[in-house]
Amino acid sequence: MSPLQTALSRPPFGELEGILGHKVVIDPEWQLIVAELDKFYEDKTNMIAVITNCVQAWVKSMMELLEDSAHEAWANQVLDKVPVRMQVFVEVAPDAEAATSWSDQQGGFVVTLPKKAVHHPAELFPTFRGNLLSCFEVKKKPQLPAKTAAADREEVMQTSTTAHQLPARSKVEFMPSAASLPRPDLLFLQPPYHLTMTSSHKSVELHCSHSPTLEMIAEYFKRWCRVNHADTRNVSCSKLAAAVESDIQVYLLTFINQPPAAEVVLHQSAFGLGEMFDRLTISTEDTRYTSRFRVTAPMVVSLIEGVLGYQLTSTHGAWIFRRDTEFKTL
C-alpha cells in the first residue's frame, strides 16, 4: 500500500470523503514522480512525506471551499463533475510552480507538484485554493481578426520553408542516455511530429506523437458533432409550460442527454507524467437505432493536411503524415 493510500484512511482525507458522500481516489505514479523529484531530496523518506503533505494541502483547500457557503455554486459544480467518486491525479510541473486544475479528459482533478524541494507544503494552500476556484471557468482561446484570419492561419500552419521555421536539426552522432532526456510529455512537443491514421466504414483511429494535435482534432469534431435523435434511451423530459386549448393539453418539452452521432475519444498515453494523449478514435460503432451516420477518412485528412499542415508521406497500410516545423503560439 502506498503512503497516500495509507493516509486516505486518516484525516483530512477521510473527512473529504464524508463531505462528498463517496470515495476519493488518489494514487500517484510514484516511480515517475520520484524520477522527477529525486535530485531535490537526499532523504527519500522525507520526499515521500513531503509529497503526501502537498496532497494533504490540496485536500484541505478542497474541503474548505466545499464547506464555505459563499462558494455554494462552485461546490455544486464539483458534485456535478464527480457524482460517484473523486479521482485525483498527481503530477510534476516542468517548472517550480505548483498548480491544480480540472481535466475533462481524465475525469478528475490534477494536482501538479512544483519541480523543486518543498520545505513547507502548507504554503501551497493559497495556490491550490485559487486554482480550484477558477478551474471550471471556460478559458477562451485568442481569436484572430476576421479580415486576417485566413492569411494568419496559412502563415502559422504552413510547412514550406520560411523564416519562422526551426533550423534544420544536426545529424545525431552519439547515442544519448535515457536519463538525460526530458519526460515523454515534454520531449514529444518538439518536432518532427508523426501521425498515422487507419479507417473503416464506422471508425477512424489516429495515432500521433504530438498530443496537442490530437486534442485539437478531438475538440473540433466534438464541437460540430450532431446529436443522434433516434436514440432516446436516456432522454429526460421536463414540462416547461402547459396550456389548455380545446380540451387538449399542450406541453413544451426539452430533451437532454441525447448521445452524439459519433463518439470522439482521446486515449491517455501509457508514458509520461502530464496529460498526454497518443491515440484518438472517432467512431459510430456504438451509435444506436440509426445507420445514417458514418465517419469518413477524407474529412479527417483534410483537417490534418489543410489546417494542421501535416504532409502525407505514405498510404501503405495506413495514412502516414509528418510535420517538421513547430507550431507557433497565438
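Parameters at a glance
- Residues numbered from 1 in each chain as written.
- Predicted model: local features only at pLDDT ≥ 70, side-chain atom pairs only at ≥ 80, totals over all residues.
- Heavy atoms only, no water.
- Helix = DSSP H or I, 4+ residues; strand = E, 2+ residues; numbered from the N terminus.
- Buried < 20%, exposed > 50% of the residue type's maximum accessible area, 1.4 Å probe, protein only.
- Contact = heavy atoms within 4.5 Å.
- Areas by Shrake-Rupley, 256 points an atom, 1.4 Å probe, with all protein chains shown as cover.
- Pairing = 2+ DSSP bridges.
- Axes fitted to C-alpha atoms, helices over the stretch in contact; angles between N-to-C directions.
- Core = buried A, V, L, I, M, F, W, Y, C linked by side-chain atoms within 4.5 Å.
- Polar contact = N/O pair within 3.5 Å; in protein donor to acceptor, adjacent residues only side chain to side chain.
- Arc of directions from axis to C-beta.
- Parallel < 35°, antiparallel > 145°, perpendicular 65-115°, else oblique.
- Left-handed = near helix turned anticlockwise from the far one by under 90°.
- Nonpolar A, V, L, I, M, F, W, Y, C, P; charged D, E, K, R; others polar.
- Phe/Tyr/Trp six-rings, centres within 6.5 Å; stacked < 30°, edge-to-face > 60°.

**Student:** For this particular structure, what's the right way to read the overall build of the chain?
**Tutor:** Counting its regular elements, the chain contains ten helices and twelve strands. Looking at the 330 residues of the chain, the share that counts as buried comes to 35%. Taking the contacts inside the chain whose residues are at least 6 apart along the sequence as the reference set, 61% of them involve residues at least 24 apart. If you sum the accessible surface of the chain, you get close to 20,100 Å²; carbon and sulfur atoms cover 53% of it.

**Student:** What's the story with the sheet that holds strand β1 (residues 24-26) in this structure? I'm lost.
**Tutor:** Hydrogen bonding along the main chain pairs the strands of a sheet, whether they run parallel or antiparallel. Read from one edge to the other, the open sheet built from four strands follows the order β1-β2-β4-β3, with strand pairing classed as mixed. Each edge of the open sheet is held by one strand with a lone partner, namely β1 and β3 (99-103). Within this sheet the neighbouring strands show an average axis-to-axis angle of 25°, counted without direction. The pairing of β3 with strand β4 (residues 108-113) spans five bridges and is classified as antiparallel.

**Student:** I would appreciate a short explanation of the nonpolar core in the present structure.
**Tutor:** Across soluble globular proteins, nonpolar side chains show a tendency to be buried alongside one another. The biggest cluster of nonpolar side chains holds 41 residues, and the ones touching the most others in it are Leu16, Trp58, Met62, Trp74, Val78, Met86 and Phe109. Those elements that place two or more of their residues in this core are α2 (13-20), β1, α3 (30-37), α4 (44-67), α5 (72-81), β2 (86-92), β4 and α6 (125-134). Per-element accounting of this core gives the leading share, twelve residues, to α4. Residues contacting Trp74, with those up to four places away along its chain left out, are Met62, Leu65, Leu66, Leu132, Leu133, Cys135 and Phe136.

**Student:** Quick question: what am I supposed to make of the sheet that holds strand β9 (residues 263-268) here?
**Tutor:** Read across the sheet, six strands follow the order β9-β10-β6-β5-β12-β11 without closing on themselves; strand pairing throughout is antiparallel. Of all strands in the sheet, those bounded by a partner on one side alone are β9 and β11 (311-314). Along the sheet, successive strands turn relative to each other by an average axial angle of 25°, direction set aside. Taken together, the five bridges between strand β5 (residues 193-199) and strand β12 (residues 319-323) define a ladder with antiparallel strand orientation. Opposite Leu195, over in β12, you have Phe321 as the bridge partner.

**Student:** So what exactly am I meant to see when it comes to the environment of Asp95 here?
**Tutor:** Looking at the element boundaries, Asp95 is found in the loop between β2 and β3. What makes Asp95 partly exposed here is its relative accessible area of 40%. Separated by 18 residues in sequence, Asp95 and Leu113 have C-alpha atoms that sit 9.2 Å apart. Residues within four places of Asp95 in sequence aside, it is in contact with Pro114 and Lys115. Within the structure, the side chain of Asp95 is placed 3.0 Å from the backbone nitrogen of Glu97, a separation counted as a polar contact.

**Student:** Explain α2 to me, please; I cannot follow it from the model alone.
**Tutor:** Think of an α-helix as 3.6 residues a turn; residues three or four steps apart then line up on the same face. Considered for burial, the residues of α2 that qualify are Phe13, Leu16 and Leu20. Considered in projection along α2, the buried side chains sweep an arc of 55° and stay on one side of the axis. Downstream of α2 by a residue or two, Gly21 has a phi angle that is positive, lying close to 85°.

**Student:** Teacher, can you tell me more about the side chain of Thr100 here?
**Tutor:** Relative to the assigned elements, Thr100 resides in strand β3. Given a relative accessible area of 6%, Thr100 falls into the buried group. When residues no more than four places from it in sequence are discounted, the contact partners of Thr100 are Trp58, Val110, Val111, Phe128, Asn131 and Leu132.

**Student:** In this structure, what is going on with the pairing of β12? I would like to understand it.
**Tutor:** Successive side chains on a regular strand alternate, one facing one side of the sheet and the next facing the other. Pairing analysis gives three bridges linking β11 to β12, with the strands arranged antiparallel. If you follow Gln311 over to β12, its bridge partner there is Arg322.

**Student:** Looking at this structure, I do not really get the packing of α2 against α4. What am I missing?
**Tutor:** For any two helices packed against each other, the geometry is given by the interaxial angle and the distance between the axes. Between α2 and α4, whose axes approach to 10 Å, the crossing angle comes to 30°. When the axes of α2 and α4 are compared, the pair comes out roughly parallel. Note that α2 runs across α4; the crossing there is left-handed. Contacts between α2 and α4 involve Phe13, Glu15, Leu16, Ile19 and Leu20 from the former and Thr52, Val55, Gln56, Trp58, Val59, Met62, Met63, Leu66 and Glu67 from the latter. Grouping the amino acids of the contact of α2 with α4 by side-chain chemistry returns ten nonpolar, two polar and two charged.

**Student:** What is the right way to read the packing of aromatic side chains from this model?
**Tutor:** By convention here, two paired aromatic rings are described through the distance between centres and the angle between planes. A complete count under the given rule lists eight aromatic pairs for this structure. Here Tyr193 and Phe327 contribute two aromatic rings whose centre-to-centre distance is 5.9 Å and whose plane-to-plane angle is 10°, an arrangement assigned as stacked. With Tyr193 in strand β5 and Phe327 in the segment after β12, this pair connects stretches of sequence that are 134 residues apart.

**Student:** What should I look at first to understand α5 in this one?
**Tutor:** What α5 keeps buried is the set Trp74, Ala75 and Val78. In a view along the axis of α5, the buried residues occupy a sector of 100°, so they form one face of it. Every exposed residue of α5 that faces more than 90 degrees away from the buried side is listed here: Glu72, Ala73 and Asp80. If you follow the buried residues of α5, they end up packed against α2, α4, β2, β4 and α6.

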